[in-house]
Amino acid sequence: TFVPVILAGGSGERFWPLSRRNRPKQFLALDETGRSLLQATSDRLCRVSGQPESVMVVTGGDYRTQVLEHLPEMPIENLLVEPVARDTAPAVLYAALRLAQEQPDAVMGVFPADHRVTDAGAFDRVMGRAIEVADTTGRLVTIGITPTYPATGYGYIQAGEELLGGELPAYAVSRFTEKPDAETAQAFLADGRYTWNSGMFIWRVGSILAAFEQHQPDMFARLREAVGQGRSLAGVRAVFPTIEKISIDYAILEKSDQVAVIPAEFGWDDLGDWNALERLLKTEDANVAVGRHVGLDTGGAILYTTQGDDLIATIGLEDVVVVRTAEVTLVVRKDRTQDIKKVVQQLKAHP
Ligand code: GDD
Ligand code: MG
C-alpha cells in the first residue's frame, strides 16, 4: 500500500504579507481553480493512491482548523498535529512512527502542501515508478527536476550509477546538497549532472525509520518512545519541544548513502516566492497585476492588492514587486524576494 503524507505546517514566509502567521501559502488559492494549494495537493494524491481515505496530513496546532476546513472529506484520524513546529524532519519521523504501528510494510510518500503540478498524467506515471523503485530497492527515492537557473532555495541532487533502467530510470545519488550558496549553485548548474530536489519523497516506512535511527539517533529514540506510549498524546507533547529544529533534507538526505533519484518533468513549480505569480498568471502585458494598476514607464513589475478597487500607480520602475494588503504595503526588488523572510524574522523579534 501507498500512503501519501502531506506536510502542511510551514509558515510560508516568502509570500508575506499575503501569507501571514495565520494563513500561510498552502491555504492560498493562487490560480483560477479556486482550490487552495493544499486542496489541489490532496486532490492529486487521492487520485494517485486510489484510496482517498488514506491521505494523511501533518501540521501544527495553529493550522489544525484550517486544514480540516480545507479537507472536509479527510478522516480526522489522518490528521497528525505537532505540538510545536520543529521543521520537516520531526514531522516526517512522527508520521513514519505512527504509520509503522498500523502499516509497517507501507510505502510512504512525503509531499509539500504548497506546490503546483500542471501535467497530471506525467505526475501519476512518475509516482507509480517512484513507488516501485522505493519498494524494490528499499532506497529513499527523490524526484529530480531539471534546473533552469542557479537557485539557492533548493536542494541539489547529483545522480550517480543507474539503479533501474527503463522509461523512467532511477539513479543512486552520489551527493545531496541542500540550499547551496550562489557560487556552488552556479557550479552545479554548469556541471549538468545535478537536478533540483522537488521536495517529494517516496520510501518504505521501514527504510526511513532505519535512516533516522542511523543519522538522527537521538531524535529517533525520543520520538519513538513518545509515540509508543499509545493514544495519549502527553508524551509527544512533552518531547516535541525538546527536539532539534531541522529539515529532512539536512537531517537525512544530505547524510544517507541510500538516496535514489528519478529525474522527471510534470510541470512542477514550487511557487517559492512572489516571482511565481508571473509564471502562474501568464500575460502579454508589460506587468503582472492582480488588482488595478496604472504604470508609467513601468516594466516587469508584479503588483498585487487585496484591497478591492484600490489603485496602485507606479512611475519609472523596473522589476519590482508591490504587494498591498489591509495592514501592509511591501515594495521589493524582484531579485531580493528571498529576503522577505528576513523582514518577517525581524518583525517577529521586534513586532
Ligand atoms: N508539518 C510541518 N511541520 N510541515 C512543515 C514544517 C513543520 O515544521 N515546516 C515546513 N513544512 C512544510 C511546508 O508547509 C511545505 O509544504 C514543506 O513542508 C516543505 O517546507 P519548506 O519550508 O517549503 O521547504 P523549502 O521550500 O525551504 O525546501 C524544500 O523544498 C524544496 C523544493 O520546493 C527542500 O526539500 C528543498 O530541498 C527543495 O528543493
Ligand atoms: Mg517550499
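Please refer to the structure higher up on the page.
Every value quoted in this text rests on a predicted model; they were computed, and no experiment measured them.

Enquirer: Would you mind going over helix α1 (residues 37-49) with me for this structure?
Expert: In an α-helix, one turn spans 3.6 residues; hence positions three or four apart end up facing the same way. A rise of 1.5 Å per residue sets the reference length of α1, with its 13 residues, at 18 Å; its end C-alpha atoms lie 18 Å apart and thus fit the reference within 8%. What α1 keeps buried is the set Leu37, Leu38, Gln39, Thr41, Ser42, Arg44, Leu45, Cys46 and Ser49. Elements in contact with the buried residues of α1: β1 (2-7), α2 (64-70), β4 (107-112), β5 (116-117) and α4 (120-137). In the segment just after α1, Gly50 is the residue with positive phi, at about 70°.

Enquirer: It is not clear to me how the sheet that holds strand β14 (residues 302-305) should be interpreted in this structure. Could you clarify?
Expert: Each strand in a sheet pairs with another by means of backbone hydrogen bonds, the pair being arranged parallel or else antiparallel. Taking strand neighbours across the sheet as the criterion, the 4 strands line up as β12-β14-β16-β17 in an open arrangement whose pairing is mixed. Since the sheet does not close on itself, it has two edges, and those belong to β12 (288-290) and β17 (329-333), each with one partner. Between one strand and the next, the sheet's axes are offset by a mean angle of 5°, whatever the strand orientation. Two elements, strand β16 (residues 320-324) and β17, share 5 bridges in a ladder whose sense is antiparallel. Across the sheet, the residue bridging to Val320 is Arg333, located in β17.

Enquirer: Help me out: how do you make sense of the nonpolar core in this one?
Expert: Residues Val92, Met108, Trp203, Ile208, Phe212, Leu223 and Ile248 are the most contacted members of the largest nonpolar core, which totals 45 residues. The leading source of residues in this core is helix α3 (residues 88-102), at 9 residues.

Enquirer: Would you mind going over the environment of Thr118 with me for this structure?
Expert: Within the element layout of this structure, Thr118 appears in the loop between β5 and α4. For the pair Thr118 and Glu244, spaced 126 residues apart in the sequence, the C-alpha separation amounts to 35 Å. The residues touching Thr118, leaving out its near neighbours within four places in the chain, are Phe266 and Gly267.

Enquirer: What am I meant to see in the pairing of β17 here?
Expert: Residues in a regular strand point their side chains to alternate faces of the sheet. Of the two faces of β17, the one lined by Leu330 and Val332 is fully buried and the one lined by Thr329, Val331 and Arg333 carries no buried residue. Hairpin connection of β16 to β17: 4 residues between the antiparallel strands.

Enquirer: Even after reading the chapter, I still don't get unusual backbone geometry, so can you show me in this structure?
Expert: A negative phi angle characterises most non-glycine residues, just as the trans form characterises most peptide bonds. In this structure, Pro17 follows Trp16 across a cis peptide bond, with omega equal to 5°. With respect to the secondary-structure elements, Pro17 resides in the loop between β1 and α1. In the Ramachandran plot, Lys179 falls in the positive-phi region, its phi being about 40° despite a non-glycine side chain. Note that Lys179 resides in the loop between β8 (170-178) and α5 (182-191).

Enquirer: Would you mind going over the side chain of Asn78 with me for this structure?
Expert: As for its placement among the helices and strands, Asn78 is situated in the loop between α2 and β3 (79-82). Among the polar contacts listed, one links the side chain of Asn78 to the backbone oxygen of Glu53, at a separation of 2.6 Å. Separated by 3.1 Å, the side chain of Asn78 and the backbone oxygen of Val55 make a polar contact. Once residues lying within four places of it in the same chain are set aside, the contact partners of Asn78 are Glu53, Ser54, Val55, Met56 and Val57.

Criteria and thresholds
- Residues numbered from 1 in each chain as written.
- Chains lettered and ligands numbered in written order.
- Predicted model: local features only at pLDDT ≥ 70, side-chain atom pairs only at ≥ 80, totals over all residues.
- Heavy atoms only, no water.
- Helix = DSSP H or I, 4+ residues; strand = E, 2+ residues; numbered from the N terminus.
- Expected span 1.5 Å × (residues − 1).
- Buried < 20%, exposed > 50% of the residue type's maximum accessible area, 1.4 Å probe, protein only.
- Contact = heavy atoms within 4.5 Å.
- Pairing = 2+ DSSP bridges.
- Axes fitted to C-alpha atoms, helices over the stretch in contact; angles between N-to-C directions.
- Core = buried A, V, L, I, M, F, W, Y, C linked by side-chain atoms within 4.5 Å.
- Polar contact = N/O pair within 3.5 Å; in protein donor to acceptor, adjacent residues only side chain to side chain.

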